[in-house]
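# Structure assessment
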Amino acid sequence: SLRFIEQMESGWLNDAMESAIRPVMDSGLVLPSRPGYRMDVHERHGITHYSVPPKADGRYIMAGDPGMGDVPRRNTGVVMCFDTSRWPYELVYFDWISGKGSYIPFISSYRNCVDIYQPLYKGLDATGPQASLDEIGFEQAGIVTDSLNFQRDKIGMLNALTNALTNQQFKTPVIQGLHRQMANYQDDDKKLAQDIVMTFAQVAFLCRLVPRPDKNTVAPP
């Protein structure tokens, strides 16, 4: 429900990103961006890329939904990664990728996320046309994924995401595309732009494989 989506969203993360990419001293002097922080904003569709530097004690889980389409349409590539070392799990990498008819931008972003965060688990939808992508494109890029079968596990993934939202397991910045797809999602999703939702559902499914952090490792609000 919308209430659980809004509980997940933290404007504090947006503010922290703004402070990192546009640091301003009390005197008004603008300093260089802090390394490892990046945010790209589409004038109509909001944040399309968001990433923060990895932590030394981070414990990362990522997933991707391949696509060749362009934001905000269906079949757009998405890569997401969360740090599961603190509760709630914090979004550290989000890429909503305009492929312009090619899978290469998606593979490049997925590879970039792997290199930065060295995740414990790497989810990828390995059904339909994506199966050959997993075998060919990722093999050439030297990436071994934890393939997930949407035809078999889709209901389980969506249930995992629903349970996670109910338990306030995730924390994200306010991202227009994420909010809209989550709020509009329906079980009959064949005509919906739902690539972000399905990527998120993969992450939630894989998060069951890691132990929940102790309560004394709660992240800031």
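It should be emphasised that the depicted structure is a prediction, and the values quoted were computed from it without experimental measurement. Counting of residues starts from 1 at the beginning of each chain's written sequence and follows it residue by residue. In keeping with the model being predicted, local features are shown solely for residues with a pLDDT of at least 70 and side-chain atom pairs are shown and tallied solely at 80 or more, while totals for entire chains, interfaces and linings include all residues. No hydrogens and no water enter the side-chain calculation; it runs on all heavy atoms of the structure.

## Describing the environment of M68
- The helix count covers DSSP runs of H or I at least four residues long, the strand count covers runs of E at least two residues long, and both are numbered beginning at the N terminus. Position of M68 among the secondary structure elements: in the loop between β3 (60-65) and β4 (77-83).
- Exposed residues in this analysis have more than 50% of their type's maximum accessible area, buried residues have under 20%, and partly exposed residues fall in between, with area computed by a 1.4 Å probe over protein chains only. The partly exposed category is assigned to M68, whose relative accessible area is 31%.
- Through-space distance from the C-alpha of M68 to that of G99 is 4.3 Å; in sequence the pair is 31 residues apart.
- Contact partners of M68, with chain neighbours within four places excluded, come to N75, G99, K100, G101, S102 and Y103. Note on contacts: a residue pair qualifies if any of its non-hydrogen atoms lie within 4.5 Å across the two residues.

## Overview of the packing of aromatic side chains
- Paired rings are identified among Phe, Tyr and Trp, the last through its six-membered ring, by centres lying within 6.5 Å, and are further divided according to the angle between planes into stacked (under 30 degrees), edge-to-face (over 60) and tilted (the rest). Following the criterion strictly, the structure yields eight aromatic pairs and no others.
- Their ring planes at 75 degrees and their centres at 6.0 Å tell us that Y93 and Y117 sit as a pair that is edge-to-face. Separated by 24 residues along the polypeptide, Y93 in strand β5 (residues 89-97) and Y117 in helix α3 (residues 104-117) bring together distant segments of the chain. Considered together, Y93 and Y117 belong to a single accessibility category, that of buried residues.
- One aromatic cluster in this structure is built from F82, W87, Y89, F170 and F200.
- Consider the ring centre and the ring normal. A charge sits over the ring if Lys NZ or Arg CZ is within 6 Å of that centre and within 35 degrees of that normal. Its guanidinium or amino end placed over the ring of F205, R208 lies 3.9 Å from that ring's centre, counting from NZ or CZ.
- The side chain of R212 reaches across the aromatic face of W87, ending 3.6 Å from its centre.

## Let's talk about the pattern of salt bridges
- We count a salt bridge whenever a side-chain nitrogen from Lys or Arg sits within 4 Å of a carboxyl oxygen from Asp or Glu. Scanning the entire structure with this criterion turns up six salt bridges.
- As a salt-bridge pair, R86 and D57 come within 3.1 Å of each other at their nearest N and O atoms. Highlighted residues: R86 in the loop between β4 and β5 and D57 in the loop between β2 (46-51) and β3, separated in sequence by 29 residues.
- You can call R86 partly exposed: its relative accessible area is 25%.
- The shortest N-O distance in the salt bridge between D115 and R111 comes to 3.0 Å. Of this pair, D115 and R111 both sit in helix α3, four residues apart, roughly one helical turn.

Read these as layout, nothing more, since geometry by itself doesn't imply function.
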